[in-house]
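# Breakdown of the fold
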Amino acid sequence: MPTTEETILAWMRRVREIPDGPGRLRAIRDGLRDKEANPLKLAIFGRFFFPHVIRGKVPDCHLDLIREMTKRTDSAIIFPRGHAKSTWEKIDCIHDIVYGLEPVILYVGNTVTDAQFHFEAIKSELEGNLALREVYGDMFPPGWQDSPKWTNKHFETTSGVNVVARGAGKGRGVNIKNQRPTKIVIDDAEDDEMVRSPERRMKLRQWLNNVIIPSVDRERGYVKMIGTVLNDDCE
């Protein structure tokens, strides 16, 4: 039975053997669509389109991370610092965008600046990754450089996906065009200083429970909280 790495390399080799043209582009789009049914497709998506970020073999711990990310259910994902959890979260978000899987995605970082940095990395790939644009087309709106729909706090793609940023404890719930978030990602929302204060821990807890989590779409929405355990009583 082939290993995960052999499966990934075999898929990439088969695709590269297809002559350039609509058939090749369609094979890539169709082959990488259903990540929920087969999480390995997200690993291949990462290796194929982001070789400058995903270099070499995808380790088993990342495959475990990917499997949990691709489940459309509420869950908390605990990973040590420096283990690329935010990197794979960006790739997962880009996959949602190019396939139009989530109408509204809410991303919560530790601060607004952290969230904006995350957004700039996603937008940079959508704007400048030529392989991604060749297969999926341009995701940014006309006049995107000055468009109010393409900022580092909120952007709307041509696939109809709205992505909104929040800093932890800041802002109200999200509703875009009468659509609540179908996916909420809470990524490293806590830091060392915050978790040392019982008051700040409680403030974050109340904000998440009273503002953010209730804003999720009630029929098809889910929440993924990704982070590192910094305190026995952290979220």
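Above this note sits the structure.
Now for a look at the structure at hand. Keep in mind it's a predicted model, so treat the numbers as computed, not measured. Counting restarts for each chain: residues are numbered from 1 in the order of the written sequence. In view of the model being predicted, local features appear only for residues whose pLDDT reaches at least 70, and side-chain atom pairs are presented and counted only at 80 or more, with totals across whole chains, interfaces and linings using the full set of residues. Computation of side-chain values: all heavy atoms of the structure, hydrogens and water removed.

## Concerning the environment of Arg-201
Counted only if it meets this: A run of DSSP states H or I qualifies as a helix once it reaches four residues; a run of E qualifies as a strand once it reaches two. Both are numbered from the N-terminal end. Throughout this description, buried means an accessible area under 20% of the type-specific maximum (1.4 Å probe, protein chains only), exposed means over 50%, and partly exposed covers the range between. Should any heavy atoms of two residues lie within 4.5 Å, those residues are counted as being in contact.
Following the sequence through the fold, Arg-201 ends up in helix α9 (residues 198–212). The class for Arg-201 is buried, based on a relative accessible area of 13%. Separated by 81 residues in the primary sequence, Arg-201 and Glu-120 place their C-alpha atoms 28 Å from one another. Sequence-distant contacts of Arg-201, defined by excluding residues within four places in its chain, comprise Met-194, Val-195, Arg-196, Asn-231, Asp-233 and Cys-234.

## Observations concerning unusual backbone geometry
If a residue is not glycine, its phi is most likely negative; likewise, a peptide bond is most likely trans. Positive phi, normally seen in glycine, also occurs at Lys-177, with a value near 55°. Within the secondary structure layout, Lys-177 lies in the loop between β4 (162–167) and β5 (183–187). You will see that Asn-178, though not glycine, has its phi angle at about 65°, which is positive. Residue class for Asn-178 comes out exposed when judged on its relative accessible area of 76%.

## So, the sheet that holds strand β6 (residues 222–227)
This is how the line gets drawn: A pair of strands counts as paired when DSSP detects no fewer than two bridges linking them. Axis angles are defined between N-to-C directions and span 0 to 180 degrees, where every axis is a line fitted to C-alpha atoms and, for a helix, only to the segment in contact.
Taken in spatial order, the six strands make up an open sheet running β1-β6-β5-β2-β4-β3, and their pairing is mixed. For this open sheet the edge positions go to β1 (75–78) and β3 (154–156), each flanked by a neighbour on one side alone. The sheet shows a mean angle of 15° between the axes of neighbouring strands, direction not considered. Seen against the sheet, helix α4 (residues 60–69) touches β1 and β6 and runs at an angle of roughly 165° to β1. Lying on the sheet, helix α5 (residues 85–98) is in contact with β2 (104–109), β3, β4, β5 and β6; it crosses β5 at an angle near 165°.

## Observations concerning the pattern of salt bridges
Here is the rule: The rule for a salt bridge is simple: a side-chain nitrogen of Lys or Arg has to be within 4 Å of a carboxyl oxygen of Asp or Glu.
Throughout the structure, instances matching the rule amount to 16 salt bridges. A salt bridge links Asp-138 to Arg-133; the nearest nitrogen and oxygen atoms lie 2.7 Å apart. With relative accessibility at 36%, the residue Asp-138 sits in the partly exposed group. Each of Lys-35, Asp-92, Asp-96 and Lys-183 takes part in salt bridges that share partners, so that together they form one network.

## Brief notes about the packing of helix α1 (residues 4–17) against helix α2 (residues 22–31)
Two packed helices can be described by the angle between their axes and the distance between those axes. This is how the line gets drawn: Angle categories are assigned with fixed cut-offs, so that under 35 degrees is roughly parallel, over 145 is roughly antiparallel, 65 to 115 is roughly perpendicular, and the rest are oblique.
As a packed pair, α1 and α2 sit with axes 9 Å apart at the nearest point and diverge in direction by 155°. Taken together, the axis directions place α1 and α2 in an arrangement best described as roughly antiparallel. Seen from α1, the contacting residues are Trp-11, Val-15 and Arg-16; seen from α2, they are Arg-24, Ala-27, Ile-28 and Gly-31.

## A few points about the side chain of Ser-197
Put simply, the test is: Nitrogen and oxygen atoms within 3.5 Å of one another constitute a polar contact, given that in protein one can donate a hydrogen and the other can accept it, and given that sequence-neighbouring residues count only through two side-chain atoms.
Along the polypeptide, Ser-197 turns up in the loop between α8 (192–195) and α9. Side-chain polar atoms of Ser-197 contact the backbone nitrogen of Arg-200, separated by 3.1 Å.

## Quick notes on the side chain of Lys-85
Position of Lys-85 among the secondary structure elements: in helix α5. The exposure class of Lys-85 is buried, given its relative accessible area of 4%. Excluding residues within four positions of it along the chain, Lys-85 makes contact with Leu-65, Met-69, Phe-79, Pro-80, Asp-188, Ile-226, Gly-227 and Thr-228.

## So, the pairing of β6
With six of six residues buried, β6 lies mostly within the body of the structure. Across the two faces of β6 the burial is the same, with Tyr-222, Lys-224 and Ile-226 and Val-223, Met-225 and Gly-227 all buried. In this sheet, β6 lies alongside β1 in parallel orientation, the contact comprising four bridges. Note on β6: the bridge partner recorded for Ser-75 is Lys-224. By the bridge criterion, five bridges tie β5 to β6 in an arrangement that is parallel. Looking at the pairing, Ile-186 lines up with Met-225 of β6.

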